[in-house]
Amino acid sequence: QPNRGTKRPRDEEEEEIKARRKQASAREHGRHREEESAALEETDDEKKKLLQIIERDGEEEDEEEEPLDESSVKKMILTFEKRSYKNQELRIKFPDNPEKFMESELDLNDIIQEMHVIATMPGLYHLLVELNAVQSLLGLLGHDNTDILHLLKQLSWQRLSYRLFSHVSIAVVDLLQELTDIDTLHESEEGAEVLIDALVEGQVVALLVQNLERLDESVKEEADGVHNTLGIVENMAEFRPEMCTEAAQQGLMQWLLKRLKAKMPFDANKLYCSEVLAILLQNNDDNRELLGELDGIDVLLQQLSVFKRHNPSTAEEQEMMENLFDSLCSCLMLSSNRDRFLKGEGLQLMNLMLRYLISIKKISRSSALKVLDHAMIGPEGTDNCHKFVDILGLRTIFPLFMKSPKKIKKVGTTEKEHEEHVCSILASLLRNLRGQQRTRLLNKFTENDSEKVDRLMELYFKYLDAMQAADKKIDGEKHDMVRRGEIIDDDMEDEFYLRRLDAGLFVLQLICYIMAEICNANVPQIRQRVHQILNMRGSSIKIVRHILKEYAENIGDGKNQEFRESEQKRILDLLENF
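Nothing here was measured: the structure is a model prediction, and the numbers come from that model.

Attention now moves to the overall build of the chain. Summing up its helical and strand segments, the chain has 31 helices and 0 strands in all. Residues classed as buried in the chain amount to 47% of the 578 residues present. When contacts within the chain are restricted to residue pairs at least 6 apart in sequence, long-range pairs at least 24 apart make up 78% of them. With the model as given, the accessible surface of the chain reaches about 30900 Å², and the carbon-plus-sulfur share is 47%.

The structure is reproduced here in structure tokens:
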């Protein structure tokens with residue numbers, strides 16, 4: 001019989017059937033997928049539009065950049081003006097339909113980013129002013145993107161929304177921060193002056209503060225916007241310090257205080273706020289008064305009270321603490337703020353801080369002493385001096401007088417700075433206290449066999465030796481200059497005087513003043529002890545008199561001539577009876 005061929009095994013037939021079934025199933029699945037895709041196609045139109053915009057944007061970025069010159073900057077500014085106008089026009093035409101102006105929004109954002117290149121050519125800043133770009137940029141600080149961001153969220157594009165459509169106002173802030181970079185401004189003084197003039201005239205700080213009120217710092221991009229805004233203020237204040245008064249009055253001071261007391265975790269923006277506040281208060285009585293009127297003294301005391309029992313946890317937090325202390329000291333140079341400090345129980349807080357710090361090495365010790373020094377100095381500090389004795393402050397200050405703490409490496413506070421503040425506080429107490437409180441102070445110098453007088457004389461000889469060494473060196477330099485035929489003018493004399501102050505002249509003057517005060521207090525025990533130690537060390541009253549005469553000649557801040565004259569007379573009267 002003919003060969004019918006080998007018969008296929010049964011299992012091979014089953015595999016072939018399964019394969020055919022899989023192919024049929026795949027075809028069916030593919031048909032369903034096509035149907036689903038067609039159904040979703042309509043809802044994806046918006047995302048496709050966005051993708052097209054992104055692709056187009058990427059292609060534009062890849063194009064070669066033109067070399068930067070006056071012509072290209074003009075072209076860039078005109079493009080910016082056109083896009084800004086177009087965006088504004090579409091927003092007015094379709095106020096309730098952000099899809100219509102979404103593309104123009106991105107175009108506007110793009111040209112603002114491109115304008116960063118102008119910061120490399122400060123000599124061309126005048127074009128920004130002449131072509132009215134500065135005013136247009138300031139106008140965009142009030143630009144609102146919430147409608148577009150809301151649309152993107154509806155389309156489930158939250159993750160990309162800020163990357164694509166960040167606030168135009170934030171983009172403007174970034175640009176202004178780079179344009180006002182202090183190093184860039186100094187490259188072209190002429191261009192910088194023109195730009196700063198235009199910004200000040202356009203009330204840039206008021207507009208920046210309005211924008212700050214809208215920003216949500218829980219969003220990283222907006223928190224960066226806050227940081228860059230503060231950067232603009234710092235740059236302008238450094239370039240033109242006189243604009244600080246106007247900046248504070250345009251709402252910046254109020255916003256800074258509000259931000260400092262906000263119940264938010266410590267971050268870089270809070271640190272920057274403390275820094276800008278210190279800058280605004282520096283050598284500016286108008287801003288110091290404004291801060292007092294806004295209850296800023298209470299805000300500063302509340303923020304500092306956090307550090308009364310523990311050190312700052314980071315170097316940044318420590319820097320903020322020092323900025324707040326500096327701001328407080330600056331404010332206390334105004335007499336009206338000393339009353340606010342007194343009513344706000346600032347003395348109690350500083351005293352409490354120092355009490356905790358005597359046994360524990362706390363970083364805020366030197367700063368708390370500095371605040372007390374500023375609060376009590378001069379006739380305006382009389383009320384604070386009396387209150388300090390009432391709250392048992394003498395128990396706090398004298399242990400610090402008896403032993404100068406070792407230097408804290410983290411702070412860099414020297415022994416000389418500590419002794420200067422303590423001696424200045426004691427000098428203010430002796431000057432301002434009257435009646436029973438003055439008696440309590442003088443009694444401290446007679447306690448424990450006049451140990452505090454011994455300490456005072458120890459400090460006197462310590463600083464006298466340092467001054468004599470410094471004077472010897474300066475005299476040698478003067479002799480060399482005369483030998484070379486050089487003229488020692490007033491500037492050179494001022495420099496020598498500053499060097500003597502650095503060597504400890506001011507501390508020595510304070511010690512001599514304390515010595516004169518306690519010797520004229522009709523307490524024989526103190527007077528005898530001072531003369532006894534001077535004789536033992538071979539020193540003379542004449543040296544003390546000479547130091548105090550020099551102190552009287554240089555006393556005062558140059559503002560109040562009447563105070564200067566009365567204080568000089570008072571010191572000279574002390575010398576006559578010494």
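Looking now at the pattern of salt bridges. Should their charged atoms come close, side chains of opposite charge can pair. One pass over the structure, following the stated rule, counts 31 salt bridges. Close ionic contact of E517 with R438 constitutes a salt bridge, the shortest N to O distance being 3.2 Å. With E517 in helix α28 (residues 505-519) and R438 in helix α25 (residues 435-444), the pair connects residues that are 79 residues apart, well separated along the chain. One exposure class covers both E517 and R438, and it is buried. One salt bridge in this structure joins R529 and D449, with 3.4 Å as the shortest N-O distance. Placement of the pair is R529 in helix α29 (residues 524-536) and D449 in helix α26 (residues 447-483), with a sequence separation of 80 residues. On the basis of relative accessible area, R529 is assigned to the buried category, the value being 18%. Note on D449: relative accessible area 54%, which makes it exposed.

The subject of this paragraph is helix α13 (residues 220-239). The end-to-end C-alpha distance of α13, which contains 20 residues, comes to 29 Å, matching closely the 28 Å that a straight helix rising 1.5 Å per residue would cover. Buried residues dominate α13, accounting for 15 of its 20 residues.

Here we come to the nonpolar core. Counting 151 residues, the largest nonpolar core has I112, L328, F341, M350, L429 and Y460 as the members making the most contacts within it. A total of 12 residues in this core trace back to one element, the largest contributor, which is α28. Structurally, this core is a two-domain feature, drawing no fewer than three residues from each of domain 1 (70-240) and domain 2 (459-577). The contact partners of L429, leaving out residues within four places of it in the chain, are M376, C385, F388, V389, L394 and L441.

Here we take up the packing of aromatic side chains. Here a ring pair, both rings aromatic, is described through the centre-centre distance and the interplanar angle of the planes. Taken as a whole, this structure holds 4 aromatic pairs when the rule is applied. Pairing F398 with F401 gives two aromatic rings, centres 6.1 Å apart and planes at 90°, and the pair type is edge-to-face. Note that F398 and F401 are positioned in helix α23 (residues 394-402) at a spacing of 3 residues, about one turn of the helix. Taken as a pair, F398 and F401 share a single burial class, namely buried. Residues Y460 and F461 carry aromatic rings whose centres are separated by 5.0 Å and whose planes lie at 70° to one another, so their mutual orientation is edge-to-face.

Cut-offs used in this document
- Residues numbered from 1 in each chain as written.
- Predicted model: local features only at pLDDT ≥ 70, side-chain atom pairs only at ≥ 80, totals over all residues.
- Heavy atoms only, no water.
- Helix = DSSP H or I, 4+ residues; strand = E, 2+ residues; numbered from the N terminus.
- Buried < 20%, exposed > 50% of the residue type's maximum accessible area, 1.4 Å probe, protein only.
- Contact = heavy atoms within 4.5 Å.
- Areas by Shrake-Rupley, 256 points an atom, 1.4 Å probe, with all protein chains shown as cover.
- Salt bridge = Lys/Arg side-chain N within 4 Å of Asp/Glu carboxyl O.
- Expected span 1.5 Å × (residues − 1).
- Core = buried A, V, L, I, M, F, W, Y, C linked by side-chain atoms within 4.5 Å.
- Domains from an automatic or database assignment.
- Phe/Tyr/Trp six-rings, centres within 6.5 Å; stacked < 30°, edge-to-face > 60°.

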